[in-house]
Amino acid sequence: MSARVRTSIALLVALIALTFNLSRINKLLVHLFNDDEDILASTCEYARHRGFGCHTHHVTTTDGYILELHRILPFDWPEHRQLPANRTTALLIHGCECDSSVYVANMRDQSLAFILLDAGVDVWLGNVRGTIYSKRHVSLDWKEPQFWNFTFQEMAQIDLPTMVQYILHITKQDKLHYVGHSQGSLMALVGLTTNELLKEKIQAAHLLSPIITLENITSPVQYFVSLVYKFRAYIGDGIVAFYPPNDIAAYMSLKPNPTAYVTEFVWNQFSGYSSHSNRNQTRMRTYYAHGMAGTSVKNVKHFGQMLATNQLAAFDHDDPVMNQEHYGSSTPPAFDISTIQTPVSLYHGDEDWLVSEADIAKLTSQLPNVVRSKRCDDFAHLDFIWGLRAAECAYLDIRDDLISK
């Protein structure tokens, strides 16, 4: 089939899909023009494609969200069979709009979850509320606005300790290691500042592209975040979820579909530009298909607050009475990360448009127990989860830290 014919068919199906929003048509297009079995794979399917086992677990938070965790295991490991008692345990948390698949989406020697498992680590992948794997609630439907009434604050103070406590209960371990990317790093900073269980149970935190404020952001995403924050009074806290189906995202990323080039441009504008030598170009469409896993408008508003105030603080309800009710003060309290005693390792990139060298310097100066701060050259924000050299610059160090303690 010639490129011209493929393009014509792609455009025709795109028009039909956009007109009627038919998910089945989108999936048909993906399968017609795609030979990658991973593009619509789930996290556990990724693991099985690489020769590993994967068990799914669910845990309910105190406010009713049902979170899904994925435990990556040796192939065909029985669900109720215990791993060795001395096995190091690690919880890996994704960034904003991503899900647990980011740690298994590359090849066996390029994905952090597989590298850790091959080294003997008990690997757990978490999914915070609102993502495709954690959009269930004991009483709310995910289509209800109230379901989306949360920010990274609830993820850090409720989701994270809930997952940690559950994992330690299942594994019979006393502590675990934590790995977070982007928002996942932010969750650790907030959680380790405010939650006693996390202070006691997280043995060390390994943070990839850690966000502390957005005061030095160069990505154009700042204009979108600022706009949401500027009109926050008119938008509502949980009225909309940024949640496109992954089959539509997959369709948009398929070349010769013209939207693939737009998708790539937008992605680079968000993350920053690194060279193609640090990217597996054949898997970009797979990354795009899993790069919009869901979050709330209220969460975007909280990021907008960070950008506007240059401060990491609790969510501002824009009402002194409500702030008093929630925090015991008329203004939201700042999260004092200088109180964190947990050992922290930082990994950051020189081409990251969301996290700058100045941000890392600020973070390093405030954290009292930074054991490593490592810059990765030719790394944008998302290269720490999908970059070809992520293992060389960050993952192998994390692996060595985990198996040596």
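Structural notes, computed from the coordinates. Since the structure is predicted, the reported quantities are computational estimates derived from the model, not experimental observations.

## Focus on the overall build of the protein chain
Then, number 1: When helices and strands are tallied, the protein chain shows 17 helices and nine strands.
Then, number 2: Counting every position in the protein chain, which comprises 405 residues, the buried fraction comes to 57%.
Then, number 3: Here the contacts in the protein chain between residues at least 6 apart in sequence split such that 75% fall between residues at least 24 apart.
Then, number 4: Summed over its atoms, the accessible surface of the protein chain is roughly 16,700 Å², and 56% of this surface lies on carbon and sulfur atoms.

## Some thoughts on the packing of aromatic side chains
Then, number 1: Applying the stated criterion to the full structure yields eight aromatic pairs.
Then, number 2: Taking 6.3 Å as the distance between ring centres and 85° as the angle between the ring planes, the aromatic pair formed by Trp-124 and Tyr-166 counts as edge-to-face. Residue Trp-124 is found in strand β4 (residues 122-126), and its partner Tyr-166 is found in helix α5 (residues 152-171); the two are separated by 42 residues along the sequence. Each member of the pair Trp-124 and Tyr-166 is classed as buried.
Then, number 3: Ring centres of Phe-147 and Trp-148 lie 5.0 Å apart, and the angle between their planes is 70°; this geometry places the pair in the edge-to-face category. Here Phe-147 and Trp-148 have matching classes, each one buried.
Then, number 4: The structure contains a cluster of three or more aromatic residues connected by ring pairs, namely Tyr-65, Phe-147, Trp-148 and Phe-150.
Then, number 5: Its guanidinium or amino end placed over the ring of Trp-142, Lys-135 lies 3.8 Å from that ring's centre, counting from NZ or CZ.
Then, number 6: One Lys or Arg, Arg-232, reaches over the ring of Tyr-229 and ends 3.9 Å from the middle of that ring.

## Comments concerning α5
Then, number 1: Helix length check: α5, at 20 residues, gives a terminal C-alpha distance of 26 Å against a target of 28 Å (1.5 Å per residue), a fit within 8%.
Then, number 2: Largest kink in α5: about 30°, centred on Asp-159, with the proline Pro-161 one to four residues after it.
Then, number 3: The buried fraction of α5 amounts to 16 of the 20 residues, a majority that puts the element mostly inside the structure.
Then, number 4: The backbone nitrogen of Gln-153 has a side-chain oxygen 2.9 Å away, supplied by the residue at the start of α5, namely Thr-151.

## Points about helix α15 (residues 357-366)
Then, number 1: Burial in α15 covers these residues: Asp-359, Ile-360 and Leu-363. What you see down the axis of α15 is that its buried residues fit within an arc of 95°, all on one side.
Then, number 2: Structurally, the start of α15 carries an N-cap: the backbone nitrogen of Ala-358 is 3.3 Å from a side-chain oxygen of Ser-356.

## Describing unusual backbone geometry
Then, number 1: Positive phi, normally seen in glycine, also occurs at Ser-182, with a value near 55°.
Then, number 2: With a relative accessible area of 7%, Ser-182 lands in the buried category.
Then, number 3: The phi torsion at Asp-318 lies on the positive side, around 55°, for a residue other than glycine.
Then, number 4: Checked against the element boundaries, Asp-318 lands in the loop between α13 (297-309) and α14 (320-327).

## Observations concerning the packing of α5 against α13
Then, number 1: Close contact between α5 and α13 brings their axes to 8 Å; oriented N to C, the two are set at 105°. Taken as axis vectors, α5 and α13 run roughly perpendicular relative to one another. In this structure, α5 uses Phe-152, Gln-153 and Met-155 to contact α13, whose residues at the interface are Asn-299, His-302, Phe-303 and Met-306.

## Some remarks on the environment of Thr-286
Then, number 1: With respect to the helices and strands, the residue Thr-286 is situated in helix α12 (residues 284-289).
Then, number 2: As a C-alpha pair, Thr-286 and Asn-106 span 180 residues in sequence and 9.5 Å in three-dimensional space.

## Quick notes on the pairing of strand β7 (residues 202-208)
Along any regular strand, the residues point their side chains to alternate faces of the sheet.
Then, number 1: By the criterion of burial, β7 is predominantly enclosed, with six of the seven residues buried.
Then, number 2: The pairing of strand β6 (residues 176-181) with β7 spans six bridges and is classified as parallel. Among the inter-strand pairings, Tyr-178 is bridged to a residue of β7, identified as Ala-205.
Then, number 3: Relative to strand β8 (residues 344-349), β7 is paired through four bridges, and the arrangement is parallel.

## Regarding the nonpolar core
Then, number 1: Leu-91 and Tyr-178 are the most contacted members of the largest nonpolar core, which has 55 residues in total.
Then, number 2: Of the residues forming this core, the biggest block, nine residues, is contributed by α5.
Then, number 3: Ranked by size, the runner-up nonpolar core spans 40 residues in total, among them Phe-52, Cys-98, Leu-117 and Tyr-347.

## Observations concerning the packing of α5 against helix α6 (residues 183-194)
Then, number 1: The interhelical angle for the contact between α5 and α6, taken along N-to-C directions, is 65°, at an axis separation of 8 Å. The interaxial crossing formed by α5 with α6 has right-handed handedness. Facing α5, whose interface residues are Phe-152, Met-155, Ala-156, Gln-157 and Leu-160, α6 presents Gln-183, Leu-186, Met-187, Ala-188, Val-190, Gly-191 and Thr-194.
Then, number 2: Each residue belonging to the contact of α5 with α6 can be placed in one class, and the counts come to eight nonpolar, four polar and no charged.

## Thoughts on the side chain of Arg-87
Then, number 1: Within the fold, Arg-87 resides in the loop between β2 (65-74) and β3 (89-93).
Then, number 2: It is Asp-122 that comes nearest to the buried, bridge-free Arg-87 among opposite-charge side chains, at 5.1 Å.
Then, number 3: A distance of 3.2 Å separates a polar atom in the side chain of Arg-87 from the backbone oxygen of Gly-120.
Then, number 4: Leave out the neighbours within four places in its chain, and Arg-87 touches Leu-117, Gly-120, Val-121, Asp-122 and Gln-173.

Reading guide: rules and limits
- Residues numbered from 1 in each chain as written.
- Predicted model: local features only at pLDDT ≥ 70, side-chain atom pairs only at ≥ 80, totals over all residues.
- Heavy atoms only, no water.
- Helix = DSSP H or I, 4+ residues; strand = E, 2+ residues; numbered from the N terminus.
- Buried < 20%, exposed > 50% of the residue type's maximum accessible area, 1.4 Å probe, protein only.
- Contact = heavy atoms within 4.5 Å.
- Areas by Shrake-Rupley, 256 points an atom, 1.4 Å probe, with all protein chains shown as cover.
- Phe/Tyr/Trp six-rings, centres within 6.5 Å; stacked < 30°, edge-to-face > 60°.
- Lys NZ or Arg CZ within 6 Å of the ring centre and 35° of its normal.
- Expected span 1.5 Å × (residues − 1).
- Bend = angle between axes of the 7 residues up to and from the residue.
- Polar contact = N/O pair within 3.5 Å; in protein donor to acceptor, adjacent residues only side chain to side chain.
- Arc of directions from axis to C-beta.
- Axes fitted to C-alpha atoms, helices over the stretch in contact; angles between N-to-C directions.
- Parallel < 35°, antiparallel > 145°, perpendicular 65-115°, else oblique.
- Pairing = 2+ DSSP bridges.
- Core = buried A, V, L, I, M, F, W, Y, C linked by side-chain atoms within 4.5 Å.
- Left-handed = near helix turned anticlockwise from the far one by under 90°.
- Nonpolar A, V, L, I, M, F, W, Y, C, P; charged D, E, K, R; others polar.
- Lys, Arg positive; Asp, Glu negative; His and termini not counted.
- Salt bridge = Lys/Arg side-chain N within 4 Å of Asp/Glu carboxyl O.

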